[in-house]
Structures are given as C-alpha cells and as structure tokens.
Amino acid sequence: MKKLTVFLTFLGLVVITAAMAWSGFDSVLHAVLRIGMGGFVAVVCCQLVVNGVLGLAWHAAFPEIGYLKLLGARMVRDAAATCLPFSQVGGMVVGIRATCSGHGLHPTRSGRQVELPEATCANLVDITTEVMGQVAFVLLAVACLVVHQRSSPFVLPVVIGAAFLMVGVSGFIWTQRHGGNIFRRFGGAITRNIASQWHDNLQAGADHMQERLEAAWNRPWHIARSAAYHLVGWLGSAGILWLTAHFLGASLTFADAVAVEGVTCAIMSMGFLVPGSLGVQEGAYMALGHAFGIEPSVALGLSLLRRGREIIIGIPVLLAWQIMEMRSLRTAGRTEKAAAPVASPTMEDKSIG
C-alpha cells in the first residue's frame, strides 16, 4: 500500500508538471497572479466560512459533542487528506485521532471523554452524510451541465458514477446499522486464535461502536439535517470556484460553477486512492474548463489556487494540532508519574540511616 501511495503521488506530480508545461509555465503563473493578494485572502475567508458550515453539518448529527470540537477535528481531517501524502482513508484515521478527547483543537462542551468507538462512529457517520449531500450536488451539477451542453461526454459517465455512489452509500449505511450482528456471527472464527483478553476487548469495542452507530442512525432528522448542511457546503465550494474564476477574468456563471465543481468532485471521488487527488483534480478542471470555454492556463490556475487555499489553511491547522498533541502527551506523562506509588525504604536503607 505504501508503494502504491508513493507511485500515485509521483504520477500525480508528473501529470501536474506536464499540464503546466503544455499550458505554458508563464501563462499559468500569469493566471494565478491575476487574483492578487486581496482576492486570494477573500477566497481563503470564504473557505473558512464553508468549513464552519461543515462543522455545523457534523454537529447536527452529533449534538452531544461540542461544535468547536467537531469543527477542529473536521479541519484536521481535511488538512491531513489534502496537505499530507495520505489518501482519503488516511485522512479519516487522523480525523478519528483528532476527535478523541485531548487531541482536537477544542475540548468537548461538557468536558467528558470522547472514546475511540464514539470518535470512529462520529467520523463514519459524518463521512456518510457528506457523501449523501455530495450525491445530490453531483446530480444538480449534471443537470446544470446538460442545460449548458447536452452533448457533453461527461454526462453519462458522471450519471453512472453517481448511481454507483448511491448504491455504495446505501451499502455503507446498511453495514453501519448491521455490521455488529455480522461481526458477532462470524467474528469468533476470525479471532479464535487471539488471546482471550484481546478477544474480549475486541468484542466489547465492536459492541460499543455498534451501539453508537445504531443510536446515530435512529435519529433520522439529525441525519437529514447533517446531509442538508453538507449540500450547502458543496454549494459553497461552487461559490468559491465562481468567485475565483471572476478574479481570474473567466466568464463563468454560478450554474456553470456548480457543474464544474460537481463533476470535478465526482471524478475526484473515483480517484480517492490518489493522495490529495494529485493530477486528478487538475485534469478534471482542464477538461471541464474546455467545455465551458475557459483557457487551459486559467483552468489550471483555478486548480492551483484551490490547492493554495487548502495549504494556507491546512498547514497551520496541522501544526496547532501537533502542538496540542505534544501538550496532551506531556500532561498525561506528568499525571502518570504523580500517580505512581512511592517506593518504601528497604531494610538496607534503614540500616544505612
């Protein structure tokens, strides 16, 4: 898996370099610099607003966990997926770690511990509701694309991809709701060679997480609100694309931006194993930009500026999270030392005394 990740990362960088060489390095640089410092700051601020909406989406599904806690964990998860050489799966693992108490950017509202099963459940449900909102966004994007260009070659593949995405989401939801029963039925055969203590701990952890998942999915109104907030967040990302295109001088309506962003997100979802969607995002922007009359250098500039705002936000978030990780580990170490029993003096020590 590590070799595949390295290979895909290298291949993505090669694709980006080749695209820039084909479009002309000077043309791409000129397109990127056209936004100006003020325009780039405005785009970054808009992205922060969208992040706030994504935090609301997560909090809608899990109101018992503090909003700032979930917002911080969400930003850490996104930063790991976009700024580090991880796939989306690796970003989720970091997100689970950040959701646990003492590892996020803010403590829980009630000050209680967020254990690993609850953190895993919260991330799984949030990703699922995000994909639910993404499916609606992709279908809306296809509609906008058909209105603009009915003969577009992207329509049929994206519709098929959205159908597979809906089937996958349905299966993912079913697995979350019934996975515990499957594990109880077949888990014994898998874990029978494990030590009894580990077997019991694994079984207890699986049961605990299954209870959390069932409790989350038994609140359909919360799930629906979370998916609706995620749809608003996807529309916000299309708005950022429209604003960026406006700064670069490209003639793109909001409906066109929805089409470009939605189809691009669908293509990026298919290439989820590629770290940071390197090359996949650039190719999608350039192909869709051509369909909407956008110059290749400007389309590539839109993709690079998107990566730029992700890095500007993601790197400080990861640094802040690492600082809090170190502080939490140091505090835990001091607590363990303070709780350690003091050794009583031996007979030899007493005789010396």
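Conventions we followed
- Residues numbered from 1 in each chain as written.
- Predicted model: local features only at pLDDT ≥ 70, side-chain atom pairs only at ≥ 80, totals over all residues.
- Heavy atoms only, no water.
- Axes fitted to C-alpha atoms, helices over the stretch in contact; angles between N-to-C directions.
- Helix = DSSP H or I, 4+ residues; strand = E, 2+ residues; numbered from the N terminus.
- Parallel < 35°, antiparallel > 145°, perpendicular 65-115°, else oblique.
- Left-handed = near helix turned anticlockwise from the far one by under 90°.
- Contact = heavy atoms within 4.5 Å.
- Salt bridge = Lys/Arg side-chain N within 4 Å of Asp/Glu carboxyl O.
- Buried < 20%, exposed > 50% of the residue type's maximum accessible area, 1.4 Å probe, protein only.
- Phe/Tyr/Trp six-rings, centres within 6.5 Å; stacked < 30°, edge-to-face > 60°.
- Lys NZ or Arg CZ within 6 Å of the ring centre and 35° of its normal.
- Core = buried A, V, L, I, M, F, W, Y, C linked by side-chain atoms within 4.5 Å.
- Expected span 1.5 Å × (residues − 1).
- Arc of directions from axis to C-beta.
- Nonpolar A, V, L, I, M, F, W, Y, C, P; charged D, E, K, R; others polar.
- Patch = residues over 30% accessible without salt bridge, like charges linked within 9 Å, V, L, I, M, F, W, Y side chains within 5 Å.
- Areas by Shrake-Rupley, 256 points an atom, 1.4 Å probe, with all protein chains shown as cover.
- pLDDT = per-residue confidence, 0-100.

**Structural notes on the packing of helix α3 (residues 36-61) against helix α4 (residues 67-83)**
Alright, step 1. At a minimum axis distance of 8 Å, the contact between α3 and α4 shows a crossing angle of 120°. As judged from the angle between their axes, α3 and α4 are oblique. Crossing angle aside, the handedness with which α3 passes α4 is right-handed. Within the contact between the two elements, α3 uses L48, N51, G52, L54, G55, L56, W58 and H59 and α4 uses Y67, L70, L71, A73, R74, M75, R77 and D78.

**Notes on the pattern of salt bridges**
Alright, step 1. Under the counting rule described, the total for this entry stands at 11 salt bridges.
Alright, step 2. Close ionic contact of R74 with D126 constitutes a salt bridge, the shortest N to O distance being 3.5 Å. Taken as a pair, R74 in helix α4 and D126 in helix α6 (residues 116-148) lie far apart in primary sequence, 52 residues in all.
Alright, step 3. Here D126 falls in the buried class, since its relative accessible area comes to 0%.
Alright, step 4. Notably, a salt bridge pairs R97 with E325, separated by 3.3 Å at the nearest N-O pair. Taken together, the positions of R97 in helix α5 (residues 88-99) and E325 in helix α12 (residues 296-339) put the pair 228 residues apart, joining distant regions of the chain.
Alright, step 5. On the basis of relative accessible area, R97 is assigned to the partly exposed category, the value being 37%.
Alright, step 6. Taken together, the shared-partner salt bridges connect R74, R77, D78, D126 and E130 into one network.

**So, the packing of aromatic side chains**
Alright, step 1. Enumeration according to the criterion identifies 1 aromatic pair in this entry.
Alright, step 2. Note on F137 and W234: the rings are 5.8 Å apart at their centroids and 15° apart in plane angle, and the pair reads as stacked. Remark: W234 occurs in helix α9 (residues 220-247) and F137 occurs in helix α6; sequence separation between them is 97 residues.
Alright, step 3. Relative accessible area serves as the criterion here: at 0%, F137 is assigned to the buried category.
Alright, step 4. Over the aromatic face of W58 sits the side chain of R77, whose NZ or CZ is 5.1 Å from the ring centroid.
Alright, step 5. The ring of F62 has R219 sitting right over it, with the charged end atom 6.0 Å from the ring centre.

**A short note on the nonpolar core**
Alright, step 1. One finds F62, V125, L241, L252 and F292 to be the most contacted residues of the largest nonpolar core, which totals 78 residues.
Alright, step 2. When residues in this core are grouped by element, the largest group, 11 residues, is from α6.
Alright, step 3. Not counting residues up to four positions away in its chain, the partners in contact with L252 are L241, W242, A245, A257, F292 and I294.
Alright, step 4. With 6 residues, the next largest nonpolar core counts M92, I96, C100 and A119 among its residues.

**Quick look at helix α11 (residues 280-291)**
Alright, step 1. Relative to the 16 Å expected for 12 residues at 1.5 Å per residue, α11 spans 17 Å between its end C-alpha atoms, a close match to the ideal helical length.
Alright, step 2. Looking only at α11, the buried set comprises Q281, E282, A284, Y285, M286, L288, G289 and A291.
Alright, step 3. One or two positions beyond α11, positive phi appears at G293, with a value near 75°.

**Looking at helix α2 (residues 25-33)**
Alright, step 1. For α2, every residue scored as buried is listed here: V28, A31 and V32. The buried residues of α2 all sit within an arc of 100° when viewed along its axis, so they share a single face. The outward face of α2, more than 90 degrees from its buried face, is lined by the exposed residues D26 and L33.

**Let's talk about the packing of α3 against α9**
Alright, step 1. Two elements in contact, α3 and α9, have axes whose closest approach is 7 Å; the angle formed by their N-to-C orientations is 175°. Comparing their axes, α9 and α3 come out roughly antiparallel.
Alright, step 2. In terms of residue class, the contact of α3 with α9 is built from 15 nonpolar, 9 polar and 1 charged.

**A look at a nonpolar patch on the surface**
Alright, step 1. A cluster of nonpolar side chains, F7, L11 and V15, forms an exposed patch at the surface whose accessible area comes to about 260 Å².
Alright, step 2. One can find F7 in helix α1 (residues 2-23).

**Section: the confidence of the model for the protein chain**
Alright, step 1. Residues of the protein chain with pLDDT of at least 70 account for 77%, and the chain-wide mean is 79.
Alright, step 2. At the low end of the mean pLDDT range in the protein chain sits helix α13 (residues 347-352), at 50; at the high end sits α9, at 95.
Alright, step 3. Predicted confidence for residues 103-110 stays below pLDDT 50, and this span has 25 contacts to residues more than four positions away or in other chains.
Alright, step 4. A low-confidence stretch, residues 193-200 stays under pLDDT 50, and its non-local contacts, those more than four residues away or across chains, total 3 contacts.

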